[in-house]
Amino acid sequence: MPKMKTHSGAKKRFRVTGSGKLMRQRARHVHKFQERSSTAARRLVNDVPVAKSDVRKVKKMLGL
C-alpha cells in the first residue's frame, strides 16, 4: 500500500504542539498591518487551537 501524503496546504497552516493540540494562526494576520490599530495587530499575533469540529479533518490532512 502506498504511503499517505501530507496535504501541502495543511502543513503550512497548522502545527502540532508537544501535548498534541493542533494550532492555527488567526485570520488577517498576514499583511496590511498599517490599516489596523496596534491593539488589533497584537491580538492577532497569538496562535489559537483549531476548532473541535475541525480537528478530525485537519489530523487526516496532516496524516496524524
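Refer to the structure printed above.
Rules behind the numbers
- Residues numbered from 1 in each chain as written.
- Predicted model: local features only at pLDDT ≥ 70, side-chain atom pairs only at ≥ 80, totals over all residues.
- Heavy atoms only, no water.
- Helix = DSSP H or I, 4+ residues; strand = E, 2+ residues; numbered from the N terminus.
- Rg over C-alpha atoms; globule rule 2.2 N^0.38 Å.
- Buried < 20%, exposed > 50% of the residue type's maximum accessible area, 1.4 Å probe, protein only.
- Pairing = 2+ DSSP bridges.
- Contact = heavy atoms within 4.5 Å.
- Axes fitted to C-alpha atoms, helices over the stretch in contact; angles between N-to-C directions.
- Salt bridge = Lys/Arg side-chain N within 4 Å of Asp/Glu carboxyl O.
- Core = buried A, V, L, I, M, F, W, Y, C linked by side-chain atoms within 4.5 Å.
- Polar contact = N/O pair within 3.5 Å; in protein donor to acceptor, adjacent residues only side chain to side chain.

A.B. asks: For this particular structure, what's the right way to read the overall build of the protein chain?
C.D. replies: The number of helices and strands found in the protein chain is three helices and three strands. In the protein chain, the order of α-helices and β-strands from amino to carboxyl end is α-β-β-α-β-α. Relative to its length of 64 residues, the protein chain is extended, with a C-alpha radius of gyration of 15 Å against a globular reference of 11 Å. Seen through its principal axes, the protein chain has C-alpha atoms that stretch 50 × 20 × 20 Å. Within the protein chain, the fraction of its 64 residues that count as buried is 19%.

A.B. asks: Can you walk me through the sheet that holds strand β2 (residues 22-24) in this structure?
C.D. replies: Hydrogen bonds between backbone atoms are what pair the strands of a sheet, whose relative direction is either parallel or antiparallel. Read from one edge to the other, the open sheet built from three strands follows the order β1-β2-β3, with strand pairing classed as antiparallel. Two strands in the sheet have a free side with no partner beyond their single neighbour: β1 (14-16) and β3 (48-49). With three bridges connecting them, β1 and β2 associate as antiparallel partners. In the strand pairing of β2, V16 is matched with L22. Against the sheet, helix α3 (residues 52-62) touches β1 and β2, its axis set at about 95 degrees to β2.

A.B. asks: What is the right way to read the pattern of salt bridges from this model?
C.D. replies: Side-chain pairs of opposite charge can arise whenever the charged atoms involved come near each other. Taken as a whole and assessed by the stated rule, the structure comprises three salt bridges. Between R15 and D47 there is a salt bridge whose closest N-O contact spans 3.0 Å. Taken as a pair, R15 in strand β1 and D47 in the loop between α2 (38-43) and β3 lie far apart in primary sequence, 32 residues in all. The partly exposed category is assigned to D47, whose relative accessible area is 26%.

A.B. asks: How do you make sense of the nonpolar core when you look at a structure like this?
C.D. replies: Listed in full, the five residues of the largest apolar core are A10, L22, V50, V58 and L62. Filtering out sequence-adjacent residues up to four positions away, L22 remains in contact with R15, V16, V48, P49, V50, V55, V58, K59, L62 and L64.

A.B. asks: Which parts of the structure should I look at to understand the side chain of H29?
C.D. replies: Note on placement: H29 falls in the loop between β2 and α2. Polar side-chain contacts of H29 include one of 3.3 Å to the side chain of Q25.

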